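Here is how the chains run, residue by residue.
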Amino acid sequence: MKNKNLEFTKDLESEFSSLIKIENQKQTLRNGIIIAILAVSIIIGVINLVLSKRALSQTREINDYTKTEEKLYQTLEITYGDNSNITFDNINNIEGPTYKTITIKNNGNSKAVFDLKINSIKTSLVDQNVLSYTITKNDMLLGNKKLPLKETNIDSGVTIEAGSKIIYKIEINKLSNIDIEDPYFHANIIVVPNHNQTITEN
Amino acid sequence: MGKKWMILICVFCVLTFISSITTTILLFNIENHHDEIKTTGIKGSNVNYQSTFITYYSENKLNLENIFPGNKVEKNFTITNNSSDSVKYSITWQDVVTTFAEENSNFYYQLNCDDITSQVTTMPISNATIIANQELKGNHTNNCTLIIESGNEIPLENNYSASYIIKIDEGGTAE
């Protein structure tokens, strides 16, 4: 009887041990899955950390760049040979041509765009066929025209490179006498910035 | 480990996994956007142009020969700031060539501008500053006259030549 009990116990132990073994294997598998998921999560977390750090440094870099302001100077030095005025008190008394020289130098570090214009015109003339002008730019003929009776650009949208110089020479001539009382013509030649043209730096 | 706990951990892990994947995708998108900004160019949007016109209504040079008592020369010029930012400028005497051995109190200059008038100062015998770091506000023109005069007790037969130079400070604008 004692031997039978012993055998039964051994049989039970043998069967339970195989069940316990299977259960242990399943538990190991479950634990492995959990550990694997956790490991992947940790790896992804580390990647996220690295990428976030890079994104942050790049954002800072961009922000620093946007805060940096590049200043370009368009410094034009305009020198009139003999002031900027065109003054004819009595046009009929004009003898010979009148000369005007304008030297424009760009002392800045960026190209600039300007207009050369005749403005502040005060005249008793109603006919444009009395006075004419010839204009050259760096000794190249720009035109031979009638002197305007209202504000006019005589050279428009002129680009001057940094460090370069443009010399305008204007010769004003009387075309004919005019039979009116007090024929006078007063005006100014001025240089004004031209903001209509976009400057593209290379 | 109890079954309930196991399920809870699994759910937590799966959620962490999904959120991590989502975050990774988002971060990759952020990186792509950054690369796009860098290559296509914020560059250029921060360029600030400072336009200044210096106009001399006659040559910015003095050529005085045989200066006599009461000699007076006026030189007109303007400085125009076409930009909205203020700018700083200086005016100096340069290329001074003279027969004066030393500065003479009977030969002097004064600068009269819309926004500043200098003291009467003897003409220098070498390079010198007329005004320095003067501020010119944005969209403003400063009309100036430089007056050079000789007094009654100036020694005769002296010559003086020099240039007056206006320089815009490109080191930075005034605050």
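Since the model is a prediction, treat every value here as computed from it, not as a measurement. (Residues numbered from 1 in each chain as written. Chains lettered and ligands numbered in written order. Predicted model: local features only at pLDDT ≥ 70, side-chain atom pairs only at ≥ 80, totals over all residues. Heavy atoms only, no water.)

So, the overall build of chain A
(1) Moving on: Summing up its helical and strand segments, chain A has one helix and nine strands in all.
(2) Moving on: Its helices and strands taken in sequence order, chain A reads α-β-β-β-β-β-β-β-β-β from the N to the C terminus.
(3) Moving on: Taking 2.2 N^0.38 as the reference for a compact globule, 202 residues should give roughly 17 Å; the C-alpha atoms of chain A span a radius of gyration of 46 Å, well beyond that estimate.
(4) Moving on: Seen through its principal axes, chain A has C-alpha atoms that stretch 160 × 30 × 25 Å.
(5) Moving on: Within chain A, the fraction of its 202 residues that count as buried is 34%.
(6) Moving on: Summarising the internal contacts of chain A: among those between residues at least 6 apart in sequence, 82% fall at separations of at least 24.
(7) Moving on: Accessible surface, chain A: about 12700 Å² in total, of which carbon and sulfur atoms supply 53%. (Helix = DSSP H or I, 4+ residues; strand = E, 2+ residues; numbered from the N terminus. Rg over C-alpha atoms; globule rule 2.2 N^0.38 Å. Buried < 20%, exposed > 50% of the residue type's maximum accessible area, 1.4 Å probe, protein only. Contact = heavy atoms within 4.5 Å. Areas by Shrake-Rupley, 256 points an atom, 1.4 Å probe, with all protein chains shown as cover.)

Things to note about the interface of chain A and chain B
(1) Moving on: Facing the 44 residues of chain A at the interface are 42 residues of chain B.
(2) Moving on: Across the chain A to chain B interface the summed buried area is about 3900 Å²; carbon plus sulfur atoms make up 61%.
(3) Moving on: For D85 of chain B, the salt bridge goes to K71 of chain A, with nearest N and O atoms at 3.0 Å.
(4) Moving on: The interface formed by chain A and chain B holds 12 residue pairs in polar contact (both at pLDDT 80 or more) in total.
(5) Moving on: Contributing elements (two or more residues each) for the side of chain A that touches chain B: α1 (2-67), β1 (70-80) and β9 (185-193) of chain A.
(6) Moving on: With 18 residues, α1 of chain A is the largest single contributor of residues to the side of chain A that touches chain B.
(7) Moving on: Of the residues contributing to the side of chain A that touches chain B, the split by class is 19 nonpolar, 16 polar and nine charged. (Buried area = accessible area lost by both parts, 1.4 Å probe. Salt bridge = Lys/Arg side-chain N within 4 Å of Asp/Glu carboxyl O. Polar contact = N/O pair within 3.5 Å; in protein donor to acceptor, adjacent residues only side chain to side chain. Nonpolar A, V, L, I, M, F, W, Y, C, P; charged D, E, K, R; others polar.)

Some points on the environment of S41 of chain A
(1) Moving on: Mapped onto the secondary structure, S41 of chain A falls in helix α1.
(2) Moving on: In this structure S41 of chain A comes out as buried when scored by relative accessible area, which is 8%.
(3) Moving on: Filtering out sequence-adjacent residues up to four positions away, S41 of chain A remains in contact with C13, T16, F17 and S20 of chain B.

As for the environment of T117 of chain B
Residues and elements named next belong to chain B.
(1) Moving on: Looking at the element boundaries, T117 is found in the loop between β5 (107-113) and β6 (121-122).
(2) Moving on: In sequence terms T117 and L64 are 53 residues apart; their C-alpha atoms lie 24 Å from each other.
(3) Moving on: Residue contacts for T117: discarding those within four places in its chain leaves Q110, L111 and N112.

Some words on the sheet that holds β9 of chain A
All names here are of chain A.
(1) Moving on: Reading across the sheet, the four strands line up as β2-β9-β4-β7 and stay open at both edges, with antiparallel pairing between neighbours. Looking at strand neighbours, the two that pair on one side only are β2 (85-88) and β7 (152-160), the edges of this open sheet. Strand-to-strand twist of the sheet, defined as the mean angle between neighbouring strand axes without regard to direction, takes the value 15 degrees.
(2) Moving on: In terms of strand pairing, β2 meets β9 through four bridges, oriented antiparallel. Bridging from a neighbouring strand, F88 pairs with F185 of β9. (Pairing = 2+ DSSP bridges. Axes fitted to C-alpha atoms, helices over the stretch in contact; angles between N-to-C directions.)

What to know about the pairing of β9 of chain A
(1) Moving on: Relative to β9 of chain A, strand β4 (residues 112-123) of chain A runs antiparallel, the two sharing eight bridges. Opposite T123 of chain A, over in β9 of chain A, you have F185 of chain A as the bridge partner.

Quick notes on the state of the cysteines
Note: disulfide means a covalent bond formed between the sulfur atoms of two cysteine side chains.
All names here are of chain B.
(1) Moving on: Here the structure, examined in full by the defined rule, presents one disulfide over all chains.
(2) Moving on: One disulfide bridge connects C113 with C144, the sulfur atoms lying 2.1 Å from each other. Taking the sign of the torsion about the S-S bond as the criterion, the disulfide between C113 and C144, at about 110 degrees, is right-handed. Residue C113 is located in strand β5, and its partner C144 is located in strand β8 (residues 140-150); the two are separated by 31 residues in the primary sequence. (Disulfide = S-S within 2.5 Å.)

Here we look at the pattern of salt bridges
(1) Moving on: A full pass over the atoms with the stated rule returns seven salt bridges over all chains.
(2) Moving on: The salt bridge involving K72 of chain B is made with E74 of chain B; its shortest N-O contact spans 3.6 Å.

As far as function goes, none of this settles anything; it's purely spatial.
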